[in-house]
Amino acid sequence: MTSLRFEDQALLPIHEKVLAGQRLEAADGLTLFQSPDLLGVGYLANLVRQRLHGRKAFYIYNQHINYSNICVNGCKFCAFGRKAGDAGAYEMSLDEIFAKVEARLSEPITEIHIVGGCHPDLPFSFYLEMLRGIKARRPQVHLQAFTAVEIAHLAELNRTTVEETLRALRDAGLGSLPGGGAEVFSPRVRQDLCPQKLSPEGWLSVAQTAHRLGMNTNATMLYGHMEGLEERVDHMLKLRAAQDETGGFLAFIPLAFHPQNTALEHLQGPSAIDDLKTLAVSRLMLDNLPHIKAFWIMLGPKMAQLSLCFGVDDVDGTVMEERITHMAGAQTPQGLTRTQLEGLIREAGCVPLERDTIYRVVSNQ
Ligand code: V47
């Protein structure tokens, strides 16, 4: 009976483990990635998703602000970052940032997601004033701001510890950290892709320091460039081990590589099958992460919708303005309305729930 469900018999022992609630190993992750049976892999991921969340699927009413693209790192995969003075480099003033917040005060936004580059000389007071000024204008909003890479950079610029930096930012209004900047933890890949960037150990250490201070963080993996499948599995296992220790990761977000306007423009980026498989394998391997998020800005609303049948329980949110992916050629809209998000979730057979940053349900009736 069971075997009829799987075209690929290699999935049977994994099915047994999933049914028994047993942790999967690196070899299982590779088997899942290499399986030609996409529907079988999706079925397994959905067993886990169903166990954790039933038919619930989450979205958030959020606003993204990318305050500056000036960055010292020069990563090959990035079309957003610029050196100071280069064409296309920008840096919003505090007033410009506050104007973006004020322009949407009439909307029921519960989270503002703030990410920029590693700026060489903006003073630390700029970041503190940014957070304080937004909170003054929108006291109830949750500020999910600055990737672990930005936090480590700020600590270095200020010659202080990551912990002190996080404490100061938290006192100014920081609520949690977004999951960016993890890329792929493989040293082989990073040597070529982003040799200047904060190391995997550094990234994990910032996230775990935040967790120990009682703050949540997300985690990402940039896939579909020059990494191998084993390197993806290894990335997931490193996150899983970190989560076992500190438990503060809320969501894992695989980020589909967009090659346009990057130094890797000759690459194709991931296929539809790869997108779905990566999300499904994430759900299966990351048994201790509560949520798997399909970022529709990168995947497209249609693929994000489909992914709800492949282990995903969150499609991110309204967004409304995004630069990092759009500068790398994304053809997706800048934003989706609540009605659009709810519609695509319902059509996938799920029950849409608006959430806040820490996944408490927001009543929008
Ligand atoms: O860190 C950069 C990635 C990240 C490209 O935490 C690219 O909820 C694809 O982390 N193609 C920033 N990806 C975005 C991010 C994020 C997005 C949505 C939700 C959350 C969350 C986090 O974007 C960067 C980098 O890994 N990125 N360039 C590119 N060409």
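Scroll up to find the structure.
What comes next is a walk through the structure.

What counts as what
- Residues numbered from 1 in each chain as written.
- Predicted model: local features only at pLDDT ≥ 70, side-chain atom pairs only at ≥ 80, totals over all residues.
- Heavy atoms only, no water.
- Near = heavy atom within 4 Å.
- Polar contact = N/O pair within 3.5 Å; in protein donor to acceptor, adjacent residues only side chain to side chain.
- Areas by Shrake-Rupley, 256 points an atom, 1.4 Å probe, with all protein chains shown as cover.
- Helix = DSSP H or I, 4+ residues; strand = E, 2+ residues; numbered from the N terminus.
- Pairing = 2+ DSSP bridges.
- Axes fitted to C-alpha atoms, helices over the stretch in contact; angles between N-to-C directions.
- Contact = heavy atoms within 4.5 Å.
- Buried < 20%, exposed > 50% of the residue type's maximum accessible area, 1.4 Å probe, protein only.
- Core = buried A, V, L, I, M, F, W, Y, C linked by side-chain atoms within 4.5 Å.

Quick word on the site of the ligand
Part 1 of the reasoning: Of all residues adjacent to the ligand, which total 23 residues, the nearest are G179, G181, E183, H258 and K293.
Part 2 of the reasoning: Take G179: an N or O atom from its main chain is 2.7 Å from an oxygen atom of the ligand.
Part 3 of the reasoning: Alone, the ligand offers 620 Å² of accessible surface; in the complex the protein occludes 96% of this.
Part 4 of the reasoning: When contributions to the shell around the ligand are tallied by element, the ones reaching two or more residues are β6 (216-223) and β7 (249-256).

A short note on the sheet that holds strand β1 (residues 56-60)
Within a sheet, each strand pairs with its neighbour through backbone hydrogen bonds, oriented either parallel or antiparallel.
Part 1 of the reasoning: Spatial strand order, β9-β1-β10: 3 strands in an open sheet with parallel pairing. Looking along the sheet, the strands with just one partner apiece sit at the ends: β9 (314-317) and β10 (351-355). Sheet twist, expressed as the mean angle between neighbouring strand axes with direction ignored, is 25°.
Part 2 of the reasoning: As paired elements, β1 and β9 share 2 bridges and run parallel to each other. Bridge pairing in β9 links F58 to D314.
Part 3 of the reasoning: On top of the sheet, helix α14 (residues 338-347) reaches β1, β9 and β10; it is set at about 160° to β1, its chief contact.

Comments concerning the environment of V351
Part 1 of the reasoning: Along the chain, V351 turns up in strand β10.
Part 2 of the reasoning: For V351, a relative accessible area of 45% corresponds to the partly exposed category.
Part 3 of the reasoning: Through-space distance from the C-alpha of V351 to that of H235 is 31 Å; in sequence the pair is 116 residues apart.
Part 4 of the reasoning: Excluding anything up to four places from it in sequence, V351 contacts R55, K56, A57 and I345.

A look at the nonpolar core
Part 1 of the reasoning: In this structure, Y127, M130, I134, F146, L169 and W203 are the most contacted members of the largest nonpolar core, which totals 109 residues.
Part 2 of the reasoning: Among the elements that take part in this core, helix α5 (residues 124-137) stands out by supplying 7 residues, more than any other.
Part 3 of the reasoning: Beyond its immediate sequence surroundings of up to four residues, L169 is in contact with F124, Y127, L128, L131, F146, I151, L154 and L174.
Part 4 of the reasoning: Counting 5 residues, the second-largest nonpolar core is a separate cluster that includes F58, L250, A251 and Y359.

Considerations on the environment of R138
Part 1 of the reasoning: In this structure, R138 sits in the loop between α5 and β4 (142-145).
Part 2 of the reasoning: R138 sits in the buried class, given a relative accessible area of 10%.
Part 3 of the reasoning: Separated by 28 residues in the primary sequence, R138 and T110 place their C-alpha atoms 9.4 Å from one another.
Part 4 of the reasoning: With near-sequence residues (within four places) excluded, R138 lies in contact with V101, R104, L105, E107, P108, I109 and I112.

Section: unusual backbone geometry
Part 1 of the reasoning: Not every positive phi belongs to a glycine, and F146 is a case in point at roughly 70°.
Part 2 of the reasoning: Along the chain, the position of F146 falls in the loop between β4 and α6 (148-157).
Part 3 of the reasoning: Positive phi outside glycine occurs at R159, with the angle close to 50°.
Part 4 of the reasoning: Structurally, the position occupied by R159 is in the loop between α6 and α7 (162-172).
Part 5 of the reasoning: Assessed through its relative accessible area of 79%, R159 is described here as exposed.

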